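Observations on chain architecture
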Amino acid sequence: MASIFSSLLPTPPPHIDPSGNRNHQQNPSLFTLSPPPEPTLKTPSIRSRLSRLCQEGQPHLARQLFDAIPRPTTVLWNTIIIGFICNNMPLEAFLFYSRLKNSSPPIKCDSYTYSSVLKACADTRELMIGKAIHCHFVRGLSYPSRIVYNSLLNMYSTCLSQMGCLNAFDFSKYDVARKVFGAMRKRDVVAWNTMVSWYVKTKRHVNAVRQFRLMMKMGIKPTVVSFVNVFPALSGIGDYKNANVLYGMLIKLGTEYANDMFAVSSAISLYAEIGCVDSARKVFDCSLEMNTEVRNTMIGVYIQNNCPLEAIDVFLQAKETEHTVLDDVTFLLALTAASHLHCLKLAKQLHACVIKTLKVLPVLIMNAVMVMYSRSGDVHSSFNVFEKMQERDIVSWNTIISAFVQNGFDEEALMLAYEMQKQKIKPDSVTVTALLSAASNLKNQNVAKQSHAYLLRQGISFEGMDSYLIDMYAKSGLIRTSELIFAKSSVNNRDQAIWNAMIVGYTRHGLTEEAFFTIRKMIEQKIMPNAVTLASILPACNLAGDIDLGKQIHGVSFRYLLAENIFVNTALVDMYSKLGAINNAESVFTSATEKNSVTYTTMILGYGQNGMGDKALSLFHSMKKSDIKPDTVTFVAVLSACSYAGLVDEGLKIFQSMEREFGIQPLIQHYCCVADMLGKAGRVVEAYEFVNQLGEDGNVLEIWGSVLGACRLHGYSELGEEVAKKLLELDSAGSLAGYQVLLSNIYAEEGSWKDVDKVRNEMREKGLQKEAGSSWINIGGKITRFVSKDQDHPQCDQIYEMLKQLTQEMKDTHHDSCLNPRGMRDISYLFGS
């Protein structure tokens, strides 16, 4: 019976799952059932037989043997109850206890009876049954033993900690666990441990530390469980000083404490939670014996603190260590770390290692493998894993659908969602989120409507769904539908995400007045804007061409403590640059405490757009010195800046360094920048040869269009005609209105009017029309946009009449100036006849 009834076991360490969340749901006091007193000499063989059957996993046979006993004693009743509990059959234990209470003649329950049933209540979180047992032993036992009170305390702390309303409960007024603890005449270390654990479970970390100190003052020697329970309290309050004190106390108590695997894991987690990863690693390295749980804890700590390389290093050490067992959790953590590294070679090696090591591949592991491949940019391997899975759960479907969406395969994601529906697998909020994201990316109105209709038919609704719908319809060009969804949502229930989605939608459609009106209403409703809000509204200032609005938003960022946010700073740099306030942009960039590649890229682009090529180049080189790796967009920005400033040789050197130094394969945008850069500098033939030697990679409208523009700029009419023919070959859709106009202008500048008429006639036959450029003016805070021959303005008749009068007045003034005796120069060519 000793193997069944252990007196006190240490609690397992706080487990760290792959997402980085600590599990505090274990029972830190973790006392188990204690053995009843030795039976009398009349029943040793019977009790031994019953115990053996329970140990062998056959409690039902033990009960059949029990039923054959004419007058079983309390000890035998307890043996069967405990046998059911140890075989994870708490319901049978409850029923058997009920039979004991109703037996005839009555059988008196002892402390071990109540302690056992209370343990079953704790295991099943049956608070109501636990309260009933509490009443039973109060009435049935004159002097309850310490073991009963320990079981009662454990039952209340375990059951109550599972209740969802604990965070809002006022424990200062009523704390049943504390009341039970106060009623105990004698308290051993188990009771103290349980109270420390109870305070941690209810997030009263200061109380937990005080309880531990009081236990020490009372002269009660702590166990390993005591430290395991109090360490989370120290991490909860970020108490680094006392963390060192208590860990030192643990070491001082001897190797039995210091090398206990549960204590080591808890200490590692403690230091990680308070941000001392180096200290956590020292605890790990000082551990004489390392089991799987300790290694898993250390790997999880590195993942939590965004150190995936170090996590992989610990995993490899564990793999190379002899007699080390790697379990499912180890591989799950390693796969998670590899996902963060985005390294396809490592992903393939780790996948091979998983296949070799694990005889059976759980669904959880296969899901993690799919995520790893997806984040490494190999969605095809991710799908291959999905196809070969013998068993799939909802997470498997969500993983592969999300992988397709994240890698730009939106149509395939929708097809998978349809296949999932055919297989009668009910979608959850993650599925729907991915579905709406795919529909948003496709920007297809029919797909958007069908996706929404699917949600309505399935009766699917989840928190935050309205923001996804608003964004989906806005991206699909149905901004008014977005407005309807926004209007239907209750004003009081609108969160930041819904307001932000509507602001982004308005900005995307150029509805600047509506965007600013929405953010004003948002602030009026006491909804605090966040970084997403400000980063979304700042582009609207560019559309409006109003720097004053931008400065107001900049002021709002200070008011709501968002001025140091990297996304807000980047958006401010972009806004000021595009509105020509390059000094303001430079000031924001310089004062930013945090910068990433996007921030640098935005500033480089701003310098380029404002003709400051030297500053753009200087910032690019300082970016490299700051160990911030440039990306593909950064190279587009710096090459564009070189093109604006005529820094051709410098631009060519940067282009050549892309693949050689940074391993970045040039894209169409980079080729276009180089062609444009060479063309603007007058090196038109060189630009032509550069594009021509690209082969199929250079057969892109935008690249040849840059060469054609250079031909017109520098008068290369014959080469321009050849480039125009190349463009016509590439224009399968017949949409080259802009390039046709460019060719027409080349002919016009040479006086080849027949060729001009020919090009114009071809455009009319194909129905091509170049989109007119527009201008805007800010009058009295209202932005007015206008184009040539505009007929949309409500007062266009009056405007054209006034222009006619002004034109006549200018002609009259011109006529008078020609008669000026001082011989003023004739400027009639500026106005035309």
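In this text the structure is predicted, and so the values were computed from the model without any measurement. (Residues numbered from 1 in each chain as written. Predicted model: local features only at pLDDT ≥ 70, side-chain atom pairs only at ≥ 80, totals over all residues. Heavy atoms only, no water.)

1. As for the overall build of the protein
Across its full length, the protein holds 44 helices and 4 strands. Looking at the protein residue by residue over its 833 residues, the buried ones come to 48%. Sequence separation of 24 or more characterises 61% of the internal contacts of the protein that already satisfy a separation of 6 or more. (Helix = DSSP H or I, 4+ residues; strand = E, 2+ residues; numbered from the N terminus. Buried < 20%, exposed > 50% of the residue type's maximum accessible area, 1.4 Å probe, protein only. Contact = heavy atoms within 4.5 Å.)

2. Structural notes on the packing of aromatic side chains
Throughout the structure, instances matching the rule amount to 26 aromatic pairs. An aromatic cluster is built from Phe-383, Phe-386, Trp-397, Phe-404 and Phe-409, whose rings are joined through pairwise contacts. One cation-aromatic arrangement involves Arg-187 over Phe-181; the distance from NZ or CZ to the ring centre is 4.4 Å. Cation over ring: Arg-494 sits above Phe-486, and NZ or CZ is 4.0 Å from the ring centre. (Phe/Tyr/Trp six-rings, centres within 6.5 Å; stacked < 30°, edge-to-face > 60°. Lys NZ or Arg CZ within 6 Å of the ring centre and 35° of its normal.)

3. A look at unusual backbone geometry
Geometrically, the link from Ser-104 to Pro-105 is a cis peptide bond, its omega value of 0 degrees lying close to zero. Non-glycine residue Arg-125 carries a positive phi angle of around 60 degrees. Residue placement: Arg-125 occurs in the loop between α5 (111-124) and α6 (127-140). Even without being glycine, Lys-203 reaches a positive phi, approximately 60 degrees. For Lys-203, the location among the structural elements is in the loop between α9 (189-201) and α10 (205-217).

4. Things to note about the nonpolar core
With 233 residues, the main nonpolar core has Met-155, Phe-231, Ile-268 and Val-723 as its most contacted residues. Beyond its immediate chain neighbours, meaning those up to four positions away, Phe-231 contacts Leu-246, Tyr-247, Leu-250, Ala-263, Ser-266, Ala-267 and Leu-270. (Core = buried A, V, L, I, M, F, W, Y, C linked by side-chain atoms within 4.5 Å.)

5. So, the pattern of salt bridges
Inspection of the entire model under this criterion finds 15 salt bridges. Among the salt bridges present, the one from Asp-123 reaches Lys-119, with a minimum N-O distance of 3.0 Å. Here Asp-123 and its partner Lys-119 are both found in helix α5, 4 residues apart, which amounts to about one turn of the helix. Assessed through its relative accessible area of 42%, Asp-123 is described here as partly exposed. One salt bridge in this structure joins Glu-419 and Lys-422, with 3.6 Å as the shortest N-O distance. Within this pair, Glu-419 and its partner Lys-422 are both found in helix α23 (residues 410-422), separated by 3 residues, close to a single helical turn. (Salt bridge = Lys/Arg side-chain N within 4 Å of Asp/Glu carboxyl O.)

6. Thoughts on the packing of helix α38 (residues 668-680) against helix α39 (residues 684-692)
Where α38 contacts α39, the axes come no closer than 7 Å and their chain directions differ by 160 degrees. The angle between the axes of α38 and α39 places the two elements in the roughly antiparallel class. Between α38 and α39 lies a crossing whose hand is left-handed. For the pair α38 and α39, contact is made by Tyr-671, Val-674, Ala-675, Leu-678 and Gly-679 and by Val-684, Glu-686, Ala-687, Phe-690 and Val-691, respectively. (Axes fitted to C-alpha atoms, helices over the stretch in contact; angles between N-to-C directions. Parallel < 35°, antiparallel > 145°, perpendicular 65-115°, else oblique. Left-handed = near helix turned anticlockwise from the far one by under 90°.)

7. Concerning the environment of Leu-694
Within the secondary structure layout, Leu-694 lies in the loop between α39 and α40 (701-714). C-alpha of Leu-694 to C-alpha of Tyr-671: the two residues are 23 residues apart in sequence and 8.8 Å apart in space.

8. Brief notes about helix α32 (residues 566-578)
Between the first and last C-alpha of α32 there are 18 Å, a value that for 13 residues agrees with the 18 Å anticipated at 1.5 Å per step. In terms of burial, α32 is largely enclosed, as 11 of its 13 residues are buried. Contact partners of the buried residues in α32: α30 (531-544), α31 (547-559), α33 (582-591) and α34 (597-609). Measuring from the backbone nitrogen of Phe-567 back to the side-chain oxygen at the start of α32 gives 2.9 Å, which picks out Asn-565 as the cap. The positive-phi residue at the C-terminal boundary of α32 is Gly-580, with phi of around 85 degrees. (Expected span 1.5 Å × (residues − 1). Polar contact = N/O pair within 3.5 Å; in protein donor to acceptor, adjacent residues only side chain to side chain.)

9. As for the packing of helix α26 (residues 465-475) against helix α28 (residues 496-508)
In the contact formed by α26 and α28, the axes pass within 8 Å of each other and the chain directions differ by 5 degrees. With respect to their mutual orientation, α26 and α28 come out roughly parallel. On α28, the residues that touch Asp-466, Ser-467, Ile-470, Asp-471, Ala-474 and Lys-475 of α26 are Ala-497, Ile-498, Ala-501, Met-502, Gly-505 and Arg-508. Looking at side-chain class alone, the contact of α26 with α28 contains 6 nonpolar, 2 polar and 4 charged residues. (Nonpolar A, V, L, I, M, F, W, Y, C, P; charged D, E, K, R; others polar.)

10. Some remarks on the UniProt feature "repeat: PPR" (unreviewed entry) in the protein
The sites that UniProt annotates as "repeat: PPR" (unreviewed entry) are residues 188-222, 393-427, 495-529, 596-630 and 631-666. Annotated as 74% helix and 0% strand, the span residues 188-222 places its first and last C-alpha atoms 10 Å apart. In residues 596-630, the share of helix is 74% and the share of strand is 0%. The end C-alpha atoms are 9 Å apart. (UniProt positions renumbered as here; feature names shortened; annotations may be inferred.)

11. A few points about the environment of Val-385
The topology assignment puts Val-385 in helix α21 (residues 379-388). The exposure class assigned to Val-385 is buried, which follows from its relative accessible area of 7%. Residues Val-385 and Met-366 lie 19 residues apart in sequence; the distance between their C-alpha atoms is 7.2 Å. With residues near it in sequence (within four places) discarded, Val-385 still touches His-351, Met-366, Val-369, Met-370 and Tyr-373.

12. So, the confidence of the model for the protein
Overall, the predicted model of the protein reaches an average pLDDT of 82, with 83% of residues at or above 70. Every residue in residues 1-32 scores below 50 in pLDDT, and together they form 101 contacts with partners more than four places removed in sequence or on other chains. Confidence over residues 818-833 falls short of pLDDT 50; this stretch has 7 contacts with residues more than four positions distant or in other chains. (pLDDT = per-residue confidence, 0-100.)

13. Focus on helix α12 (residues 240-252)
Taking 1.5 Å of rise per residue, the 13 residues of α12 would be expected to cover 18 Å, and the 18 Å separating its terminal C-alpha atoms lies within 8% of that figure. Among all positions in α12, only Ala-243, Leu-246, Tyr-247 and Leu-250 are buried. Projected down its long axis, α12 carries its buried residues within an arc of 100 degrees, all on one side. Among the exposed residues of α12, those pointing more than 90 degrees away from its buried face are Lys-241 and Lys-252. Contact partners of the buried residues in α12: α10, α11 (224-237), α13 (255-258), α14 (261-273) and α15 (277-286). Among the residues trailing α12, Gly-254 stands out with phi positive, at a value near 115 degrees. (Arc of directions from axis to C-beta.)

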